[in-house]
Amino acid sequence: DSGVTQTPKHLITATGQRVTLRCSPRSGDLSVYWYQQSLDQGLQFLIQYYNGEERAKGNILERFSAQQFPDLHSELNLSSLELGDSALYFCASSVADSANYGYTFGSGTRLTVV
Amino acid sequence: AQKITQTQPGMFVQEKEAVTLDCTYDTSDQSYGLFWYKQPSSGEMIFLIYQGSYDEQNATEGRYSLNFQKARKSANLVISASQLGDSAMYFCAMREIGTSYGKLTFGQGTILTVHP
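From a predicted model like this one, the values you see are computed outputs, not experimental measurements. (Residues numbered from 1 in each chain as written. Chains lettered and ligands numbered in written order. Predicted model: local features only at pLDDT ≥ 70, side-chain atom pairs only at ≥ 80, totals over all residues. Heavy atoms only, no water.)

Quick notes on the overall build of chain B
Scanning chain B for helices and strands turns up zero helices and 12 strands. In chain B, the succession of helices and strands from N to C terminus is β-β-β-β-β-β-β-β-β-β-β-β. In terms of overall size, chain B behaves like a compact globule, its C-alpha atoms giving a radius of gyration of 14 Å where 116 residues would be expected to give roughly 13 Å. A principal-axis box enclosing the C-alpha atoms of chain B has dimensions of 45 × 30 × 20 Å. For chain B, the residues scored as buried account for 47% of the 116 residues in total. Look at the contacts in chain B between residues 6 or more apart in sequence, and 55% of them connect residues 24 or more apart. Counting only carbon and sulfur atoms, one obtains 50% of the accessible surface of chain B, whose full area is about 5600 Å². Considering chain B, the positive charge centre built from 9 side chains and the negative charge centre built from 11 side chains are found 3 Å apart. (Helix = DSSP H or I, 4+ residues; strand = E, 2+ residues; numbered from the N terminus. Rg over C-alpha atoms; globule rule 2.2 N^0.38 Å. Buried < 20%, exposed > 50% of the residue type's maximum accessible area, 1.4 Å probe, protein only. Contact = heavy atoms within 4.5 Å. Areas by Shrake-Rupley, 256 points an atom, 1.4 Å probe, with all protein chains shown as cover. Lys, Arg positive; Asp, Glu negative; His and termini not counted. Charge placed at Lys NZ, Arg CZ, Asp CG, Glu CD.)

Description of the pairing of strand β12 (residues 110-115) of chain B
Residues and elements named next belong to chain B. Burial along β12 is one-sided: T110, L112 and V114 are buried, while I111, T113 and H115, pointing the other way, are not. Here strand β2 (residues 10-14) pairs with β12 via five bridges, running parallel. Considered in β12, the bridge of Q14 is made with H115. Bridge count between strand β10 (residues 88-96) and β12: three bridges; the pairing is antiparallel. (Pairing = 2+ DSSP bridges.)

With respect to the interface of chain A and chain B
Contact with chain A, which involves 22 residues of that partner, is made by 18 residues of chain B. Together, the buried faces of chain A and chain B total about 1700 Å²; carbon and sulfur atoms form 57% of this surface. At the boundary of chain A and chain B, one finds six residue pairs in polar contact (both at pLDDT 80 or more). For the side of chain A that touches chain B, the elements supplying multiple residues, two or more each, are β4 (31-38), β5 (42-50), β6 (53-57) and β9 (87-94) of chain A. Here the side of chain A that touches chain B gets four residues from one element, more than from any other, and that element is β5 of chain A. Looking at the side of chain A that touches chain B residue by residue, the classes come out as 12 nonpolar, eight polar and two charged. (Buried area = accessible area lost by both parts, 1.4 Å probe. Polar contact = N/O pair within 3.5 Å; in protein donor to acceptor, adjacent residues only side chain to side chain. Nonpolar A, V, L, I, M, F, W, Y, C, P; charged D, E, K, R; others polar.)

Notes on the layout of surface pockets
Reported here for the largest pocket is a volume of approximately 420 Å³. By residue class, the composition of the lining of the largest pocket is eight nonpolar, eight polar and one charged. (1 Å grid on protein atoms, 1.4 Å probe; cavity = no way out; pocket = protein on both sides within 12 Å on 5 of 7 lines; lining within 4 Å. Points joined across faces, edges and corners; volume = space filled by probe spheres on them.)

Overview of the sheet that holds strand β1 (residues 5-7) of chain A
Two modes of strand pairing occur in sheets, parallel and antiparallel, and in both the strands are linked by backbone hydrogen bonds. Residues and elements named next belong to chain A. Taken in spatial order, the four strands of this open sheet run β1-β3-β8-β7, and their pairing is antiparallel. Two strands bound the open sheet, and with one partner strand each, they are β1 and β7 (64-68). Looking at each pair of strands side by side, their axes are set apart by 15° on average, direction ignored. Bridge count for β1 against strand β3 (residues 19-24) is three bridges, and the pairing is antiparallel. (Axes fitted to C-alpha atoms, helices over the stretch in contact; angles between N-to-C directions.)

A word on the pattern of salt bridges
Residue and element names in this part refer to chain A. Applying the stated criterion to the full structure yields six salt bridges over all chains. R63 serves as the salt-bridge partner of D85, at 2.8 Å between the closest nitrogen and oxygen. Taken as a pair, D85 in the loop between β8 (74-78) and β9 and R63 in the loop between β6 and β7 lie far apart in primary sequence, 22 residues in all. Both residues of the pair, D85 and R63, count as buried. One continuous salt-bridge network, built from bridges that share partners, spans R63, E82 and D85. (Salt bridge = Lys/Arg side-chain N within 4 Å of Asp/Glu carboxyl O.)

Concerning the packing of aromatic side chains
Considering all chains together, one arrives at 17 aromatic pairs over all chains under this definition. Between the aromatic rings of Y33 of chain A and F45 of chain A, the centroid separation amounts to 6.5 Å while the plane-to-plane angle is 55°, which identifies the pairing as tilted. One end of the pair, Y33 of chain A, is in strand β4; the other, F45 of chain A, is in strand β5, with 12 residues separating them in the sequence. The pair formed by Y33 of chain A and F45 of chain A is uniform in burial state, with each residue classed as buried. With a centroid separation of 6.0 Å and 55° between ring planes, the pair formed by Y37 of chain B and F106 of chain B is classed as tilted. (Phe/Tyr/Trp six-rings, centres within 6.5 Å; stacked < 30°, edge-to-face > 60°.)

Some thoughts on the side chain of D29 of chain A
Residue and element names in this part refer to chain A. Along the polypeptide, D29 turns up in the loop between β3 and β4. Within the structure, D29 has its side chain in polar contact with the side chain of S93 (distance 2.7 Å). In terms of polar contacts, D29 uses its side chain to reach the backbone amide nitrogen of V95, at 3.3 Å. D29 has contacts with L72, S93, S94 and V95, leaving out every residue within four places of it along the chain.

Structure below.
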């Protein structure tokens, strides 16, 4: 157990639907990062939150949104789902925004859009 | 321009032999960190080793070592005495602080297959 909890582990849903992915960071970590891993795009950075505030945005579609709550857990909302959104979505947390620290990853949510 | 380049889509190694996975990076930051992660077929991302840009010694963690050549901007992962359980995807990643708020940028990965 890495200490980063992601739920659900698997999700199968239909095109056009909306889903919410949940992440609880490791205790003490203030930063949460979301990544999308697909076969053709590799690991793509989506968005970062630090202590409840959005810090940086990557290749996140307008149909996607995220937030970090006061208890530091984070949710990634994916709406109007398309087949191409099928991917492994990772949440990671880090104790500090320093080059000396890596991430601790959750086990991921595998999303399949049918 | 690619920030992290892993030029080997796939590598094969015999069990008990050593293997080197290549990684080159591009940054204008003076302070950065280099990381290697392992992703087995089960999907989780496992941290292996870290090298700081100011570290003069190459990092080592058990059977893993990082061959850091700063002038060449390379950070190759060396796995000694390969085991069957080392078969996985390996990602090189860089963390810059200057303009990226600490996000990790990943290479495309190298699939390592260890043969018995």
